[in-house]
Amino acid sequence: MVVRGRPSAIDRSRLPEPGPVRSFAFPAIDKSRLSNGLNVWTVSHPEIPLIAFVLLVRRGASADPPGQDGLAALTADMLDEGSGARSAIEIHEELARIGAQFDTDIGSDALSMSATVLSRFADRALALLSDIVVRPALREGDFSRVRQLRLHRLTQLRDMPGAVADRAFLKLIYGSHPYGHAPIGSEASLAVMSVDDVRSFHASAIRPSFATLIAVGDCRHDQIVQLAARSFADWQDGNAGPAPIANGLPTAARLNIVPRPNAPQSELRIGHVAVPRDTPDYHALVVANTILGGQFVSRINLNLREDKGFTYGARTAFEFRRLAGPFVLQVSVQTTATARAIEESIGEIAGLRGPRPVTADELELGIAGLTRGYARNFETADHIARAAMQLALFDLPDDYFAQFVPTVSRVTAADVHRVMERHVHPPRLTTLIVGDLDAVGADLPALGLGDPVVLHPDLV
Amino acid sequence: MRLAFTKHTLDNGLDVLLHQDRGCPIVAVNLWYHVGSKNEQPGHTGFAHLFEHLMFEGSQHYDRGYFQPLQGAGASLNGSTNADRTNYWEVVPANALELALWMESDRMGYLLPALTDAKFSNQRDVVLNERRQNYENRPYGLAPMALLAALYPPDHPYHWTTIGEIADLNTVRLDEVQAFFRRYYHPANASIALAGDIDLDDALGLVRTYFEDIDAGDRVVPVVAAAALSGDIRIFFEDRVELPRLYVAWLTPAMFADGDADLDLGTDLLANGKTSRLYRRLVFEERIATDVSAAQNSREIAGYAQITATAAPGHTLGEIEQVILEEVTRLAAGGPSDDEIERGRVQAEAQFMYRLQTVGGFGGKSDQLNAYNVFLGDPEYFERDLARYHDVTSQSLQQTVAHYLEPAHRVTLSIVPRGRSTLAAPDSSPTDVS
């Protein structure tokens, strides 16, 4: 036996106990509102001469008008394509001159622009951000180029099993609901879009009263409010488009497959529409998910990866949104293990809900994992800005962060059982495979999920 | 801009780097072993990375998995392997530093008694699935295999990828794992950095307590190898992709060597982001490509630069190749503009500042200190590293590009849709890749 360490002078018979918890003050957010309705939030975090700016607009892909899937994302993509007489390249040269890390993100409920810059450039960063968001050029020529690039992107996504699975799964469980399409839209919807659609979406959705400007870092509140007032003063509210409303959900087949001949792995999605962010069960669901599939030592990952070796990793999530978001398990498994992985996955989901309820050890571990390292989420200016963005997106109270740890700590095994029973329904789970139909087809009937519905890759 | 630290070397050779940052009540523990896929042999590839997986499966005094106690203490943790090093890190609440050191030291000193055949074959399956997910079942995912194999000769340790060959992974044996551990996983081949909410004396005391009684191993002999390209090596393979993609790659200086920073900035201004010369021509103006990117991939004993572009439908890789060569040649002849140099400098300053924001994880302060210490023996290198970028001039960048990005000595790889070999760049030969 090879042992590198000598018989140790220290006690290795037990793990050291953690010491007392060191106190941590959650960041305080200073809030103002400009006369045009724009919220301006700042957090002082002066350790490093940087500022993280985020401009959140509470309109996202779910605000795409009927038949115009992808309009919000295309509009977001057009914002940094020039302003006034300046071209896209000139705008990006200016961003580069201040060392900005600029990014645009579009989700179901919101779009956000972020720019992290050296703090000495705060005024130039806000001036540029306002040019991009408030005064984009939205030119015809740029539109046709950007749309073409998005069509090429859609072509390429057909080869990416994860992207195919995500898009097909949303369509299966949401149908024509505002959450039923990926932000990028489809070939058909992009084909009929015009630059006028972008202009009108910009006018109706990118409005100051939907927006919050967040600045975190080496800055003062009055300074940022003053700069924001100067840069964003002429941003006026137009006529608002309608807020997305939930329409009826389809009933999907329980088992579906998008064929991918000769694929070495099957990309799986298993889930259903679950619950909105404002549910009172939020904290208990977060704990339940941690135990089920939200951490490395979750039931799903320990089973499919560490016990069976079927996959590089498996996870579950309740994707919390303003309207009811999905509960979904996602995993990529070796082709030969497809049916068994589905069986084990559904078994784990159903197990936590009923026959194999959470144990005291699992509950303690899940809560500890969520609470003891919570301060880590507030280390950098970018972390804090992202956290503040959650408050703005979901109308959460100022003391939300301070309350998180005590609230999660109060979750009981009975709570986990109750919220799993209320929000997760095994007979309603929709399973999607993107994989080799010829190789896996014969194993599927034994799952008892009915005949698989074969979806054509071009139609998803 | 400074990254302050103290360095101590224990009697067994373990380097200990300490950095205090009281901003958040957390501590990053970051442990590097100076071993990567570069230390493997042909026929035994993928080994260093497979070994990294085994480090998370438990050790003699806590044999129930590595994650559970640390996640229970509120830690986040991970590890990674590349050609040159393997790193492991935990970011723990400040009150759990001792636990992290207990766990790291137990697997450094006492891994093998807990390593079983069952764990070994399970993690081999996991790694084969990682390979399927990230390479085989991903469009263009096998490009690194083809590029590295063409850039470096078969006996050069950068000839293969870190994930390794399937056949090698299938034949590796448990006794090879044990020999590997003895050879590379010991204090004299390791460096530990602690960054965060620590008292420097207390932290050093804890590291001594847990690591001092682990025996030093034999010094690892540095890997030496050379590579040269005899001409323009033109290859292609077919893949499950819709659009053909072109890769042009050159052999370049190693990490921190003369020319490395010039090529970092040079590849940025050629093809990174909307302000770059190739984006402007290929995507913005001529619209013959859907995307373009470039990088100087600098590694410990050699580097390679690559430019990658995907053809827009209706356009050929030959057209794209011509534009790439024109722009590389133009930069080699005329150098960058003053504005390009100035933007490059400001962006380098910002990038270095961003790295100082976090104590841990991949690329945080603790990881950075270990990188300088392991590769240069000089954790104080942060400021000089930034200076390398400030010292780049129009002339030095031009000369470096002219010297290394030579059209006559390169690898030109095409990846084309299945059954469409005619879409490869002209005069390319098929290459096998899996």
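Everything quoted here is computed from the prediction, not taken from an experiment. (Residues numbered from 1 in each chain as written. Chains lettered and ligands numbered in written order. Predicted model: local features only at pLDDT ≥ 70, side-chain atom pairs only at ≥ 80, totals over all residues.)

Visitor: Describe the overall build of chain B, with residues and values.
Guide: For chain B, the helix and strand inventory stands at 15 helices and 12 strands. Against the compact-globule benchmark of 22 Å for 434 residues, chain B has a radius of gyration of 23 Å, which places it among compact chains. Along the longest, intermediate and shortest principal axes, the C-alpha atoms of chain B span 65 × 50 × 35 Å. The buried share of chain B, reckoned over its 434 residues, is 56%. For chain B, the proportion of contacts with a sequence separation of at least 24, taken over those separated by at least 6, is 79%. (Helix = DSSP H or I, 4+ residues; strand = E, 2+ residues; numbered from the N terminus. Rg over C-alpha atoms; globule rule 2.2 N^0.38 Å. Buried ≥ 20, exposed ≤ 12 C-beta atoms within 10 Å, placed from the backbone. Contact = placed C-beta atoms within 7 Å.)

Visitor: Can you lay out the overall build of chain A for me, pointing to particular residues and giving the numbers?
Guide: Looking only at helices and strands, chain A has 16 helices and 14 strands in total. For 460 residues, the compact-globule estimate of 2.2 N^0.38 gives 23 Å, and the C-alpha radius of gyration of chain A, at 24 Å, lies within 12% of that figure. Viewed in the frame of its principal axes, chain A has a C-alpha envelope of about 65 × 60 × 45 Å. Burial status across chain A gives 52% buried among its 460 residues.

Visitor: Help me get a handle on unusual backbone geometry, residues and values and all.
Guide: Residue and element names in this part refer to chain B. Non-glycine residue Phe256 carries a positive phi angle of around 70 degrees. Along the polypeptide, Phe256 turns up in the loop between β8 (245-252) and α9 (260-271). Given 19 C-beta atoms within 10 Å, Phe256 falls into the partly exposed group. The phi dihedral of Arg287 falls on the positive side, at around 55 degrees, and the residue is not glycine. Here Arg287 lies in the loop between α10 (277-285) and β9 (289-298).

Visitor: I'd like a description of the interface of chain A and chain B, backed by residues and values.
Guide: At the interface, 68 residues of chain A touch 71 residues of chain B. In terms of residue count, the dominant contributor to the side of chain A that touches chain B is helix α2 (residues 88-97) of chain A (6 residues). In the side of chain A that touches chain B, the residues fall into 33 nonpolar, 20 polar and 15 charged. (Nonpolar A, V, L, I, M, F, W, Y, C, P; charged D, E, K, R; others polar.)

Visitor: Please provide a residue-by-residue account of helix α8 (residues 221-232) of chain A, values included.
Guide: The end-to-end C-alpha separation of α8(A) is 16 Å, in line with the 16 Å expected for 12 residues at 1.5 Å each. Where α8(A) is concerned, the buried positions are Ile224(A), Val225(A), Leu227(A), Ala228(A), Ser231(A) and Phe232(A). (Expected span 1.5 Å × (residues − 1).)

Visitor: Now, about the confidence of the model for chain B: what can you tell me, with residues and values included?
Guide: Predicted coordinates in areas of low pLDDT are best not read in detail. Mean pLDDT for chain B: 96, with 100% of residues reaching 70 or above. ipTM for the predicted complex: 0.95, alongside a pTM of 0.96. (pLDDT = per-residue confidence, 0-100.)

Visitor: Describe the domain arrangement of chain A, and please don't skip the residues or the numbers.
Guide: All names here are of chain A. The assigned domain composition of chain A is domain 1 (30-232) and domain 2 (255-459). Placing the centre of domain 1 and that of domain 2 at their C-alpha centroids yields a distance of 29 Å. The interface is formed by 30 residues belonging to domain 1 together with 26 residues belonging to domain 2. Of all the secondary-structure elements, those providing two or more residues to the side of domain 1 that touches domain 2 are β2 (39-44), β3 (50-57), β7 (111-118), α5 (161-174) and β8 (211-217). At 9 residues, α5 tops the list of elements feeding residues into the side of domain 1 that touches domain 2. Within the side of domain 1 that touches domain 2, the residues separate by chemical class into 19 nonpolar, 8 polar and 3 charged. (Domains from an automatic or database assignment.)

Visitor: Describe the sheet that holds strand β9 (residues 255-259) of chain A, and please don't skip the residues or the numbers.
Guide: Residue and element names in this part refer to chain A. Spatially, β11-β12-β10-β13-β9-β14 is the arrangement adopted by the 6 strands of the open sheet, whose pairing is mixed. Strand pairing shows two members of the sheet lacking a second neighbour, β11 (311-318) and β14 (453-454), which therefore form its edges. As paired elements, β9 and β14 share 2 bridges and run parallel to each other. Among the inter-strand pairings, Asn256 is bridged to a residue of β14, identified as Val453. (Pairing = 2+ DSSP bridges.)

Visitor: Please give an account of the pairing of strand β1 (residues 6-9) of chain B that cites residues and values.
Guide: All names here are of chain B. Sheet topology note: the β1/strand β2 (residues 15-20) ladder contains 4 bridges and is antiparallel. Bridging across to β2, Thr9 finds its partner in Asp15. Counting the residues between successive antiparallel strands, the hairpin from β1 to β2 contains 5 residues, one of them, Gly13, with a positive phi of roughly 100 degrees.

Visitor: Tell me about the sheet that holds β8(B), and name the residues and values.
Guide: All names here are of chain B. The mixed open sheet is built from 6 strands, whose spatial order is β9-β10-β8-β11-β7-β12. One side of each edge strand has no neighbouring strand; the edge strands of this open sheet are β9 and β12 (429-430). Sheet topology note: the β9/strand β10 (residues 303-311) ladder contains 9 bridges and is antiparallel. Of the residues in β10, the one forming a bridge with Asp291 is Thr310.

Visitor: Now, about the packing of helix α9 (residues 282-294) of chain A against helix α15 (residues 413-423) of chain A: what can you tell me, with residues and values included?
Guide: Residue and element names in this part refer to chain A. At a closest axis distance of 9 Å, the pairing of α9 and α15 adopts a crossing angle of 95 degrees. Classed by the angle they form, the pair α9 and α15 counts as roughly perpendicular. In this structure, α9 contributes Ala284, Leu285, Val287 and Ala288 to the contact, and α15 contributes Asp415, Val416, Val419, Met420 and His423. In terms of residue class, the contact of α9 with α15 is made up of 7 nonpolar, 1 polar and 1 charged. (Axes fitted to C-alpha atoms, helices over the stretch in contact; angles between N-to-C directions. Parallel < 35°, antiparallel > 145°, perpendicular 65-115°, else oblique.)

Visitor: Quick rundown of the domain arrangement of chain B? Include the residues and the values.
Guide: Interfaces are often sized by the accessible area lost when the parts come together. Residues and elements named next belong to chain B. For chain B, the assigned domains read domain 1 (6-211) and domain 2 (232-430). If you look at the interface, domain 1 gives 31 residues, while domain 2 gives 31 residues. Secondary structure elements with two or more residues in the side of domain 1 that touches domain 2: β2, β3 (26-33), β5 (86-93), α5 (143-151) and β6 (190-196). Considered class by class, the residues forming the side of domain 1 that touches domain 2 number 19 nonpolar, 7 polar and 5 charged.

Visitor: Account for the pairing of strand β1 (residues 30-33) of chain A, with residues named and values stated.
Guide: Residues and elements named next belong to chain A. As defined by bridge partners, β1 adjoins β2 across 4 bridges and the pair is classed as antiparallel. When the bridges of β2 are listed, Lys31 appears paired with Trp41. Linking two consecutive strands that pair antiparallel, namely β1 and β2, is a turn of 5 residues; a positive phi of about 100 degrees is found at Gly37 within it.

Visitor: Talk me through the environment of Arg355(B); I want residue IDs and the actual numbers.
Guide: Residues and elements named next belong to chain B. Inspection of the secondary structure assignment puts Arg355 in helix α12 (residues 338-355). Accessibility expressed as a C-beta count within 10 Å gives 18 for Arg355, which makes it partly exposed. In contact with Arg355, other than residues within four places in its own chain, are Gly363 and Gln368.

Visitor: Can you explain the environment of Glu306(A)? Please cite residues and give values.
Guide: Looking at the element boundaries, Glu306(A) is found in helix α10 (residues 299-307). Accessibility expressed as a C-beta count within 10 Å gives 18 for Glu306(A), which makes it partly exposed. Expressed as a C-alpha distance, the spacing of Glu306(A) and Ile29(A), which sit 277 residues apart in the sequence, is 42 Å. When neighbours within four sequence positions are excluded, Glu306(A) is seen to be in contact with Asn301(A) and Asn122(B).

Visitor: If you had to explain the nonpolar core to someone new, which residues and values would you point to?
Guide: Ala125(A) and Val92(B) are the most contacted members of the largest nonpolar core, which totals 218 residues. When sequence neighbours within four positions are dropped, the list of residues in contact with Val92(B) reads Ile26(B), Val27(B), Val29(B), Ala73(B), Gly74(B), Ala75(B), Leu97(B), Leu99(B) and Ala100(B). The next biggest cluster of nonpolar side chains, apart from the first, holds 60 residues, and it includes Ala83(B), Leu151(B), Trp160(B) and Val241(B). (Core = buried A, V, L, I, M, F, W, Y, C linked by C-beta atoms within 7 Å.)

Visitor: Tell me about helix α1 (residues 47-54) of chain B, and name the residues and values.
Guide: In terms of burial, α1(B) is largely enclosed, as 7 of its 8 residues are buried. Phe47(B), Ala48(B), His49(B), Leu50(B), Phe51(B), Glu52(B) and Leu54(B) are the residues of α1(B) that are buried.

Visitor: Which residues make up the environment of Gly448(A), and what values go with them?
Guide: Position of Gly448(A) among the secondary structure elements: in the loop between α16 (437-440) and β14. Note: C-alpha distance between Gly448(A) and Pro259(A) (189 residues apart in sequence) is 20 Å.

Visitor: Tell me about the packing of helix α12 (residues 360-371) of chain A against helix α14 (residues 400-409) of chain A, and please be specific about residues and values.
Guide: Residue and element names in this part refer to chain A. Running from N to C, α12 and α14 point in directions that differ by 175 degrees, and their axes come no closer than 10 Å. One way to sum up the angle between α12 and α14 is to call them roughly antiparallel. Facing α12, whose interface residues are Ile367, Leu370 and Thr371, α14 presents Val405, Val408 and Ser409. Tallied by class, the residues present in the contact of α12 with α14 amount to 4 nonpolar, 2 polar and no charged.

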